[in-house]
Amino acid sequence: MQKEQKEWIRAWCDDTNEKDLPRVLLIGDSITNGYQEKVRTLLQGVCYVDFIATSYAIDMPIYHKLVTTFVADSNYDLVHFNNGLHGIHIGKRSYKSGVRKVLKKISANKKVVLATTTLVYQPKSKRKDGAWMKRVRERNAALLELSKEFSFAVDDLYTLSTEIPFERRYEDGTHYLEGGYEIFAQAVAECIRKNI
């Protein structure tokens with residue numbers, strides 16, 4: 001376990017007592033935080049969309065407590081799970097084990113979609129970040145293995161991230177400008193529509 005220099009948590013739930021539409025939960029990190037508002041707007045009238053996003057890595061006990069408690073608080077029909085851009089110290093085996101533990105706790109009586117981890121460039125560069133890309137490849141391989149193990153659908157945000165023009169990315173190499181998050185939101189909303 002290793003904390004980051006700054007840790008954060010963001011969450012939101014609308015219309016919490018309404019039961020006339022399915023309810024969906026987005027679980028993720030800053031990428032999820034970037035597209036969640038647009039996804040909620042795109043799916044108005046289709047389902048209620050809640051989200052929890054955090055910087056805590058999959059090996060942190062607080063992450064498991066946060067996610068499992070949040071999922072248990074409402075009756076979710078579908079969970080869109082996006083975790084991969086924190087905890088660079090975590091190798092594939094530990095990452096896969098941590099995600100498996102979370103999935104076992106949150107998947108009862110609900111559909112789950114696993115989102116692949118997005119591309120990482122070096123800051124202010126068009127060169128991929130070698131250390132992070134090693135983890136991205138490992139984590140996406142682990143997610144594909146888990147998708148088969150649990151029979152979960154996959155939302156391939158990694159491939160989508162490779163197609164987003166560089167000018168729609170933030171200069172830190174990891175995050176996106178509004179136009180980039182709009183592309184993700186369209187894809188995530190469509191994935192939810194297909195799987196709800």
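Procedures and definitions
Numbering of residues starts from 1 in each chain and follows the order in which that chain's sequence is written. Predicted model: local features are reported for residues with pLDDT of at least 70 only, side-chain atom pairs are reported and counted for 80 or more only, and whole-chain, interface and lining totals are derived from all residues. No hydrogens and no water enter the side-chain calculation; it runs on all heavy atoms of the structure. Under this scheme, a helix contributes an axis fitted over its contacting stretch, all axes are lines through C-alpha atoms, and angles between N-to-C directions fall in the 0 to 180 degree range. Per the convention used, a helix needs a DSSP run of H or I reaching at least four residues, while a strand needs a run of E reaching at least two, with both numbered from the N terminus. Take the far helix as your reference; a near helix turned counterclockwise from it by less than a right angle gives a left-handed crossing, and one turned clockwise gives a right-handed crossing. Residues are treated as being in contact if the distance between any of their heavy atoms lies within 4.5 Å. For this classification, Asp, Glu, Lys and Arg are treated as charged, while Ala, Val, Leu, Ile, Met, Phe, Trp, Tyr, Cys and Pro are nonpolar and the rest, including Gly, are polar. Angles are sorted into four bins: roughly parallel if under 35 degrees, roughly antiparallel if over 145, roughly perpendicular if 65 to 115, and oblique for all others. Take the residue count of a helix, subtract one, and multiply by 1.5 Å to get its expected span. Under the scheme applied here, a residue whose accessible area is under 20% of the maximum for its type counts as buried, over 50% as exposed, and between as partly exposed, the area being computed with a 1.4 Å probe on protein chains only. Note that the arc is defined by the directions from the helix axis to the C-beta atoms. Take the buried Ala, Val, Leu, Ile, Met, Phe, Trp, Tyr and Cys residues and link them wherever side-chain atoms come within 4.5 Å; each set so joined is a nonpolar core. Here, a strand pair is defined by DSSP locating no fewer than two bridges between the strands. A pairing counts as a salt bridge when a side-chain nitrogen of Lys or Arg comes within 4 Å of a carboxyl oxygen of Asp or Glu. We call two N or O atoms a polar contact when they sit within 3.5 Å, provided that within protein one can donate a hydrogen and the other can accept it, with sequence-adjacent residues counted only if both atoms are side-chain atoms. By convention, a crossover is right-handed whenever its connection, traced from the first strand over the helix to the second and viewed with the strands pointing away, goes clockwise.

A. Here's a closer look at the packing of helix H1 (residues 30-42) against helix H6 (residues 178-195). Remark: H1 packs on H6, axes separated minimally by 8 Å, with the N-to-C direction vectors making an angle of 65°. For the element pair H1 and H6, the recorded crossing hand is right-handed. Only Glu178, Tyr181, Glu182, Phe184, Ala185, Gln186, Val188, Ala189, Ile192 and Arg193 of H6 make contact with H1, whose side of the interface consists of Ser30, Ile31, Gly34, Tyr35, Lys38, Val39 and Leu42. Residues that form the contact of H1 with H6 fall into these classes: ten nonpolar, three polar and four charged.

B. Spatial organisation of the packing of helix H2 (residues 61-72) against helix H3 (residues 92-106). Interhelical geometry of H2 versus H3 gives an angle of 20° and a closest axis separation of 9 Å. With respect to H3, the element H2 is oriented roughly parallel. Of the two possible hands of crossing, H2 and H3 adopt the one that is right-handed. Side by side, H2 and H3 meet where Tyr63, His64, Val67, Thr68 and Val71 of the first sit next to Gly98, Lys101, Val102, Lys105 and Ile106 of the second.

C. Up close: H3. A rise of 1.5 Å per residue sets the reference length of H3, with its 15 residues, at 21 Å; its end C-alpha atoms lie 21 Å apart and thus fit the reference within 8%. Those residues of H3 that fall on the buried side of the exposure criterion are Tyr95, Lys96, Gly98, Val99, Val102, Leu103 and Ile106. Across the axial projection of H3, the buried residues extend over an arc of 165°, all falling on one side. Opposite its buried face, H3 presents the exposed residues Arg93, Lys104 and Lys105, each directed more than 90 degrees away.

D. Representation of the nonpolar core in the model. With 31 residues, the main nonpolar core has Leu26, Tyr35, Val39, Phe184 and Ile192 as its most contacted residues. Discounting residues that sit within four places of it in the chain, phenylalanine 184 has contacts with Tyr35, Thr118, Leu157, Leu160, Ser161, Ile164 and Tyr176. In this structure, Tyr56, Phe81, Ile90 and Leu143 belong to the second largest nonpolar core, which totals 27 residues.

E. The sheet that holds strand E1 (residues 9-12), seen in detail. Reading across from one edge, E1-E3-E2-E4-E5-E6 is the order of the six strands in this open sheet, with mixed pairing throughout. Both edges of this open sheet fall to E1 and strand E6 (153-155), since each of them pairs with a single strand only. Across the sheet, the mean angle separating the axes of adjacent strands is 20° when strand polarity is ignored. With four bridges connecting them, strand E4 (residues 78-81) and strand E5 (residues 111-115) associate as parallel partners. Note that in E5 the partner of histidine 80 across the bridge is valine 113. Contacts from helix H4 (residues 130-150) reach E5 and E6, with the element oriented near 160° to E5.

F. View of the pattern of salt bridges. Throughout the structure, instances matching the rule amount to six salt bridges. Residue aspartate 14 pairs with arginine 40 through a salt bridge whose shortest N-O separation is 2.9 Å. In this pair, aspartate 14 sits in the loop between E1 and strand E2 (23-28) while arginine 40 sits in helix H1, placing the two residues 26 residues apart along the sequence. Linked by salt bridges that have partners in common, Lys92, Lys96 and Glu145 make up one network.

G. Structural view of H1. Here H1 spans 19 Å end to end across 13 residues, near enough to the 18 Å set by a 1.5 Å rise per residue. Packed against the buried residues of H1 are E1, E2, strand E3 (48-54), E4, helix H5 (157-163) and H6. At the N-terminal end of H1, a side-chain oxygen is found 3.1 Å from the backbone nitrogen of isoleucine 31, two or three residues along, and the residue is aspartate 29.

H. Structural view of the pairing of E4. On E4, burial covers both faces: Leu78 and His80 on one face and Val79 and Phe81 on the other are all buried. Pairing of E2 with E4 involves four bridges; the strand directions are parallel. Of the residues in E4, the one forming a bridge with leucine 26 is histidine 80. Following the chain from E4 across H3 to the adjacent parallel E5, one finds a crossover that is right-handed.

I. Structural view of the environment of lysine 124. The residue lysine 124 is located in the loop between E5 and H4 in this model. Residue class for lysine 124 comes out exposed when judged on its relative accessible area of 67%. Once the C-alpha coordinates of lysine 124 and histidine 64 are considered, the two residues, 60 residues apart in sequence, prove to be 33 Å apart.

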